[in-house]
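# Observations on chain architecture
The primary structure of each chain is shown beneath.
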Amino acid sequence: MAYISNSEYTRGVLSVLMASRKAGIPVLLWGSPGTGKTALIHALGELEKMQVKLLLGSTMDPTDLSGLPALKEVTDGEGSFRYNVTENTVPNWADDLIQQGNGILFADELNNSTPSMQSGLLSLLQGRHVGQHKLPEDVWILAASNEPEDAADGYELAPPLANRLLHIQWNPPVQDWFDGMLANWGDDVSPELAMERAKIVAFLKNYPNLVQNQPKSDADAGKAWASRRSWDNAAKVLSETPNNDTIRNMVLTGLVGEEAAQQFFKWERSLSLPPHEEVMANPTALDWSDMRADVALTILNRVVAFVSADNIKQSVDVFLAAKAGNKGDIASSLMVSFLHRSQEVGASIPALGPLIKDMGKLAVEAGVK
């Protein structure tokens, strides 16, 4: 299931995208690598139930746009051959969109398109022309590009091409990404992956400078460095990794870089988390009021990750104990994730009786409708 943030920023961007779609004006999202531009387009395709056809600027050549030239017979009114003409074939992506009648044409890495490719894009973006054919009006044309300083091998967009596009600076607040990570991007995932994502969010709330930490030099930027994308990739690999410090360090260093990895493991060792079984068995035994915020966040995230139909009552008790111990703000911030995860595992929240009232208060505080 696709996930798109419900923040004011993202709603504003979506409003512009929808307006441009109705007006038939193509849009170009500008943003740093790893900030979710491509993910947003694919999520839109999933939510709108439209296929996404990808054109990648770094690998495209002119025939990807116009098709290959081929001979076509011209006949007279009685079907007799008169002569041959040259007509371009229709590329597969265009044929699919024409046959479907709608869809999203997504030109990614647009500023990696060569000048000759940019010339070929002019008639496509403005007039929807693909050789001798035309894309249906209901095909939504979107594009994305890294910032010029992030694309060492890129090209400046030609003025005629740039002038045909509606340009949007894509820079979503980091809280949007935190919320998506905690919601597992709307997918049903393993408890181990949910927990790794939750720990990474708890860590980065303390070290926001490491969320997006692209090196300045081209040489260093060509190695591992921290971005929203690489942190999520790290969670995926760590969730499949044995509990071995050497292996975990190799994974994290190889995805987000040595500085971020060492800082994460130092923070992880400082948590001193109580065993999960003890928390679930007796949540009021913990001194929530004197607990570090990142420890409380990690404990509650662990509850979210491992909630099940069998332990739903104990899970709710942990949240209520945290609220009673002056950690209600943290509990509230996780209620959307908690309720989503509970539904995934088939937990029956309405069957909890007296706890519903307190759960409702937490849900209202978290903005759950």
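Calculation rules
Residues numbered from 1 in each chain as written. Predicted model: local features only at pLDDT ≥ 70, side-chain atom pairs only at ≥ 80, totals over all residues. Heavy atoms only, no water. Core = buried A, V, L, I, M, F, W, Y, C linked by side-chain atoms within 4.5 Å. Buried < 20%, exposed > 50% of the residue type's maximum accessible area, 1.4 Å probe, protein only. pLDDT = per-residue confidence, 0-100. Helix = DSSP H or I, 4+ residues; strand = E, 2+ residues; numbered from the N terminus. Pairing = 2+ DSSP bridges. Axes fitted to C-alpha atoms, helices over the stretch in contact; angles between N-to-C directions. Phe/Tyr/Trp six-rings, centres within 6.5 Å; stacked < 30°, edge-to-face > 60°. Parallel < 35°, antiparallel > 145°, perpendicular 65-115°, else oblique. Left-handed = near helix turned anticlockwise from the far one by under 90°. Contact = heavy atoms within 4.5 Å. Polar contact = N/O pair within 3.5 Å; in protein donor to acceptor, adjacent residues only side chain to side chain. Expected span 1.5 Å × (residues − 1). Salt bridge = Lys/Arg side-chain N within 4 Å of Asp/Glu carboxyl O. Nonpolar A, V, L, I, M, F, W, Y, C, P; charged D, E, K, R; others polar.

### Notes on the nonpolar core
Ranked by size, the top nonpolar core spans 57 residues in total, and within it L204, W231, L252, W288, L300, F319 and F338 carry the most contacts. By size, the runner-up hydrophobic cluster in this structure holds 23 residues, among which are L105, M117, V130 and L165.

### Quick word on the confidence of the model for the protein chain
Predicted confidence across the protein chain gives a mean pLDDT of 86, with 92% of residues reaching 70 or more. The least confident element of the protein chain is helix α17 (residues 355-365), whose mean pLDDT is 63; the most confident is helix α10 (residues 228-238), at 97.

### Description of the environment of K22
Within the secondary structure, K22 sits in helix α1 (residues 8-23). On the basis of relative accessible area, K22 is assigned to the exposed category, the value being 77%. Residues K22 and K216, 194 residues apart in the sequence, show an inter-C-alpha distance of 40 Å.

### Some points on the sheet that holds strand β2 (residues 52-56)
On the basis of which strands lie adjacent, the open sheet formed by five strands has the order β2-β5-β8-β1-β9 and parallel pairing. Bordering the open sheet on either side are β2 and β9 (166-169), each of which pairs with just one other strand. Ignoring strand direction, the axes of neighbouring strands in this sheet form an average angle of 20°. As defined by bridge partners, β2 adjoins strand β5 (residues 103-108) across five bridges and the pair is classed as parallel.

### Some remarks on the packing of aromatic side chains
For the coordinates displayed, the defined rule picks out 11 aromatic pairs. Between Y9 and W170 the ring centres are 5.8 Å apart and the planes differ by 50°, which places this aromatic pair in the tilted class. Of this pair, Y9 sits in helix α1 while W170 sits in the loop between β9 and α7 (174-182), and the two are 161 residues apart along the sequence. With a relative accessible area of 27%, Y9 lands in the partly exposed category. The class for W170 is buried, based on a relative accessible area of 7%.

### Notes on the packing of α7 against helix α8 (residues 191-206)
Following both chains from N to C, one finds α7 and α8 inclined at 155°, their axes separated by 9 Å at the closest point. Taken together, the axes of α7 and α8 are roughly antiparallel relative to one another. Every pair of crossing elements has a handedness; the one defined by α7 and α8 is left-handed. When α7 is examined against α8, the residues Q175, W177, F178, M181 and L182 are found in contact with a partner set consisting of R197, A198, I200, V201, L204 and K205.

### Focus: the side chain of R248
Note that R248 resides in helix α11 (residues 245-256). For R248, a relative accessible area of 6% gives the class buried. Setting aside chain neighbours within four positions, we find R248 in contact with E196, K199, L238, T241, P242, N243, F264, F265 and E268.

### Considerations on the side chain of T35
In this structure, T35 sits in the loop between β1 (27-31) and α2 (37-47). Of note is the side chain of T35, whose polar atom sits 2.7 Å from the backbone oxygen of S32. Not counting the four nearest positions on each side in its chain, T35 is found in contact with W170, P172, Q212 and R228.

### Brief notes about helix α14 (residues 293-306)
Spanning 14 residues, α14 covers 20 Å between terminal C-alpha atoms, matching the ideal 20 Å at 1.5 Å per step. The buried fraction of α14 amounts to 12 of the 14 residues, a majority that puts the element mostly inside the structure. The complete set of buried residues in α14 reads D294, V295, A296, L297, T298, I299, L300, N301, R302, V303, V304 and A305. Of the surrounding secondary structure, the elements contacted by the buried residues of α14 are α7, α8, α12 (258-270), α13 (276-281), α15 (312-333) and α16 (335-344).

### Section: the pattern of salt bridges
Scanning the model with the defined rule gives 10 salt bridges in all. Among the salt bridges present, the one from D96 reaches K53, with a minimum N-O distance of 2.7 Å. Of this pair, D96 sits in helix α4 (residues 92-100) while K53 sits in strand β2, placing them 43 residues apart in sequence. On the basis of relative accessibility, which here comes to 19%, the residue K53 falls in the buried class. A salt bridge links K313 to D317; the shortest N-O distance between them is 3.4 Å.

### A word on the packing of α7 against α10
Contact geometry for α7 and α10: axes closest at 12 Å, N-to-C directions at 20°. Accordingly, the angle class assigned to the pair α7 and α10 is roughly parallel. Note that α7 runs across α10; the crossing there is right-handed. In contact with V174, W177 and M181 of α7, α10 contributes R228, W231 and D232. Residues belonging to the contact of α7 with α10 are distributed by class as follows: four nonpolar, no polar and two charged.

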